[in-house]
Amino acid sequence: MSEEILTEELNKDVLSYREKLQLNTPDDELVRAVDKAMKESIDLKDKIDKIGIKNKRYWISGTEKEAQDFHPAKAKITANRIFADVETAIPILTSEPPEPTILGKFDNDTKDRIQKALQLAYEVKYQMQQKLQKMIRNWYIYRVGILKYRWGKKGFVTEVVLPKKVGMDKYATSKENCEFIWDELEDTLENLEKKFPKQKDFLKQVAGDNPKAKIKYIEFWGGNGEWVCWKLRDRILDKMKNPNWDYDNIDNNIFDTPQFPYIFLNVFNLGDESGFYDDTSLIEQAAPIQEGVSQLERQILDLNEGQKRVWVVSSQAMSETKAQALVNETGDLLVYLDRGAPAGSVGQVQSGKPDASLFNHLSHLLAEIDNIIGMHSTTRGERAQQETLGGRQLLMSSDYGRLDLIVRNVEQVVEEWYNAYLHMVKVYSDIGDTLYDTKTNEEIRLTGEMIPKGITIMVKKGSTLPTDEVTKRANAIQLAQFGMIDPTTLFEEMSYTNTDKRTQDLYNWLVMTGKIQPPQQPSPATGQAQPTIAGQAQQPDQDSRARQVARINQILQSEQFKQLSPEEQLQITGRAKEILNQM
């Protein structure tokens, strides 16, 4: 086989020829390698950027058309169902804080402290709900959502990165097999001089003497996250090993290997040379239907406008001034003929009107957009006519089921963020992090020494989806009717405030009305008799246990229980098991 044929065969097998992307490469060679890698990813990035621009227009305006594309005398309305559905889904996807679960054999105090710290970090200090909302919105529009974390002067920092500023290895299917990621940064001359003091002269050549001049430069992470460099034009400003990794004490790292400081959200990714971008987006799927909705809306309005009476008036019947005064009073349209006259000299022209089929077709298209994005009128808060409680619950459950795929990926993002946060605190253990509980005014100090080796955080699946308050309250009332829930929990499930006071007031009222007699029990601390408060857990004797078991069996075999739905039966059965386990 000739050398040319062999080379051609090899070219089919080699996806890309890359320069030496290594930290110890000389700067001039590293510049060429970085430029080549960026050029390799720019075609895919440009394609996604164009799609993002188009999707953004649909999200904002509901159409790709500009205002000048519409006839000046025709309707210009766009019923933007895409915006309504997307902006309904985002609060649902982030409504509940993800519940962290500590994996590993650690004592309960350690688990409780770290779990509390993670919840405060997410909800209070770093305002992750707002950042997650922005990230998900970027995912809808740009096919990917990106978070970036670092350790700054004031501690841990999390930022939402605009996808159009980021490029990546297009052959990567995960961060584990991704060779490089880069993004465009921007800062003032004076800040860059502090960050890169050895490059002051070069920076001034670029920006002059204005300390507030903004300079764009590249941050390039290579070697699967093992190193980072900063490049401006044909100059490497600085390079180093991953600063978020403890090379001196390997056991001080939570991750197994150095990581890219990026967290990606994608859902519809096939891994077909698209990097971390999805291969499609929900907005792209809904966009053609949205155009049909807007077109139908404009057509209906134009036909309605055309239903105005059109007066055809001859000059032989009345003057133009009088004819104009007539239509000015009625809002009708006028055709004035100053020559000749139609029959009767004054007449009307009957125009068309919207047909019922137009409205039916419009409803069908709107429903199709709702089906694609997974949002319907009930979930958006609209109330359909003759809507039953059961029907409402079924509609909301179907929407939540449609969002479940997205929820699982969002929870994966938060899971990565929880682990990254603990890793950064542990690596920068000399600084640590201070968190505040605004409800109890409690301060929690988290340092590297408090984070045990081998810890892993997982997010409880489904914990971010909201609970339907109507269903929650109905179930609580049902359990209370069977006597299987205490008053305090009932008040909490009903979203009442001051639940302890309400429970105590209820107990006092029951005693005053003679409905219950307060049992007297000796206090372990004082030996004095204490009344049993409703809702407090007691340790029943054998007879009371037997009575309670008999009562549970009576409930589970009752006709009222058999008439409940399977879901309600399952919940009551679960509550019965909890009571039996506590005996």
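*Asks:* Looking at this structure, I do not really get empty space enclosed by the protein. What am I missing?
*Replies:* In this approach the atoms are scanned with a rolling probe the size of a water molecule, which exposes any empty space left behind. Scanning all chains against the criterion turns up two cavities of 30 Å³ or more. The wall of the largest cavity is formed by Tyr149, Asn242, Asn244, Trp245, Phe255, Pro258, Gln259 and His423. Class assignment of the residues belonging to the lining of the largest cavity gives a composition of four nonpolar, four polar and no charged.

*Asks:* Whenever I open this one, the pattern of salt bridges confuses me. Can you help?
*Replies:* Side chains that differ in sign of charge can pair as their charged atoms come close. Going through the model one piece at a time under the given rule, you end up with 17 salt bridges. Between Lys116 and Asp437 there is a salt bridge, with the nearest N and O atoms lying 2.7 Å from each other. Of this pair, Lys116 sits in helix H4 (residues 108-125) while Asp437 sits in strand S13 (residues 433-437), and the two are 321 residues apart along the sequence. Take Lys116: its relative accessible area is 30%, and that puts it in the partly exposed class. Asp437 gets classed as buried once you look at its relative accessible area, which sits at 5%. The network of salt bridges with common partners includes Lys148, Asp183 and Glu219.

*Asks:* Sorry, what's going on with the confidence of the model for the protein chain here?
*Replies:* Predicted coordinates in regions of low pLDDT should not be interpreted in detail. On average, residues of the protein chain score 81 in pLDDT, and 78% of them reach the 70 mark or higher. Considering each helix and strand of the protein chain separately, the mean pLDDT is smallest for strand S17 (residues 529-531), with a value of 48, and largest for strand S7 (residues 227-232), with 97. Long-range and interchain partners of residues 389-394, a stretch whose pLDDT sits below 50, account for seven contacts in this model, where long-range means more than four residues apart. Every residue in residues 528-540 scores below 50 in pLDDT, and together they form 27 contacts with partners more than four places removed in sequence or on other chains.

*Asks:* I'm lost on the sheet that holds strand S8 (residues 235-241) in this one. Help?
*Replies:* The strand order across the open sheet built from five strands is S4-S5-S6-S7-S8, with neighbouring strands paired in antiparallel fashion. Unpaired on one side and paired on the other, strand S4 (166-168) and S8 mark the two borders of the sheet. Adjacent strand axes in the sheet meet at a mean angle of 25° when their direction is disregarded. Bridge analysis of strand S6 (residues 214-222) against S7 gives five bridges, and the strand direction is antiparallel.

*Asks:* For this particular structure, what's the right way to read the sheet that holds strand S9 (residues 262-265)?
*Replies:* The strands making up a sheet associate through backbone hydrogen bonding, with each pair oriented either parallel or antiparallel. Pairing is antiparallel in the open sheet, where three strands are placed in the order S3-S2-S9. At either end of the open sheet lies a strand with only one pairing partner, and these are strand S3 (155-161) and S9. Here the average twist between neighbouring strands, direction ignored, is 20°. Bridging between strand S2 (residues 145-152) and S3 involves seven bridges; their strand directions are antiparallel. In the strand pairing of S3, Gly152 is matched with Gly155. Seen against the sheet, helix H5 (residues 128-142) touches S2, S3 and S9 and runs at an angle of roughly 25° to S3.

*Asks:* Quick question: what am I supposed to make of the nonpolar core here?
*Replies:* Generally speaking, nonpolar side chains in soluble globular proteins are found buried as a group. Of all hydrophobic cores here, the largest spans 73 residues; its most connected members are Ile136, Tyr140, Trp417, Tyr421, Leu422 and Ile455. The element that contributes the greatest number of residues to this core is helix H12 (residues 389-427), accounting for 14 residues. For Trp417, the residues in contact, after removing those within four places along its chain, are Ala121, Tyr122, Tyr126, Met128, Phe156, Thr158 and Ile263. Core analysis: the next-biggest nonpolar cluster, separate from the first, contains 28 residues, Leu44, Met168, Tyr217 and Phe260 among them.

Parameters at a glance
Each chain has its residues counted from 1, following the order in which its sequence is written. At least 70 in pLDDT is required for a residue's local features to be given in this predicted model, at least 80 for side-chain atom pairs to be given and counted, and no such filter applies to totals for whole chains, interfaces and linings, which use all residues. Computation of side-chain values: all heavy atoms of the structure, hydrogens and water removed. The distinction between a cavity and a pocket rests on a 1 Å grid over the protein atoms alone: a 1.4 Å probe fits inside a cavity but cannot get out, while a pocket stays open yet meets protein on both sides within 12 Å along at least five of seven lines, and a residue with an atom within 4 Å of a point counts as lining. Grid points are joined across faces, edges and corners, and a volume is the space filled by probe spheres set on the points. Classes in brief: Ala, Val, Leu, Ile, Met, Phe, Trp, Tyr, Cys and Pro nonpolar; Asp, Glu, Lys and Arg charged; the others, Gly included, polar. Salt bridge criterion: a side-chain nitrogen from Lys or Arg within 4 Å of a carboxyl oxygen from Asp or Glu. Numbering goes from the N terminus for both helices and strands, where a helix is a DSSP run of H or I of at least four residues and a strand is a run of E of at least two. With a 1.4 Å probe rolled over the protein chains alone, any residue whose accessible area is under 20% of its type maximum counts as buried; one over 50% counts as exposed, and the rest are partly exposed. Every residue gets a pLDDT, meaning the predictor's confidence in that residue, from 0 to 100. Pairs of residues are marked as contacts when any of their non-hydrogen atoms sit within 4.5 Å. The rule for pairing is simple: two strands pair if DSSP sees at least two bridges between them. To get an axis, fit a line to the C-alpha atoms, keeping to the stretch in contact for a helix; angles then go from 0 to 180 degrees between the N-to-C directions. Nonpolar core, defined: a set of buried Ala, Val, Leu, Ile, Met, Phe, Trp, Tyr and Cys residues in which side-chain atoms within 4.5 Å join the residues together.

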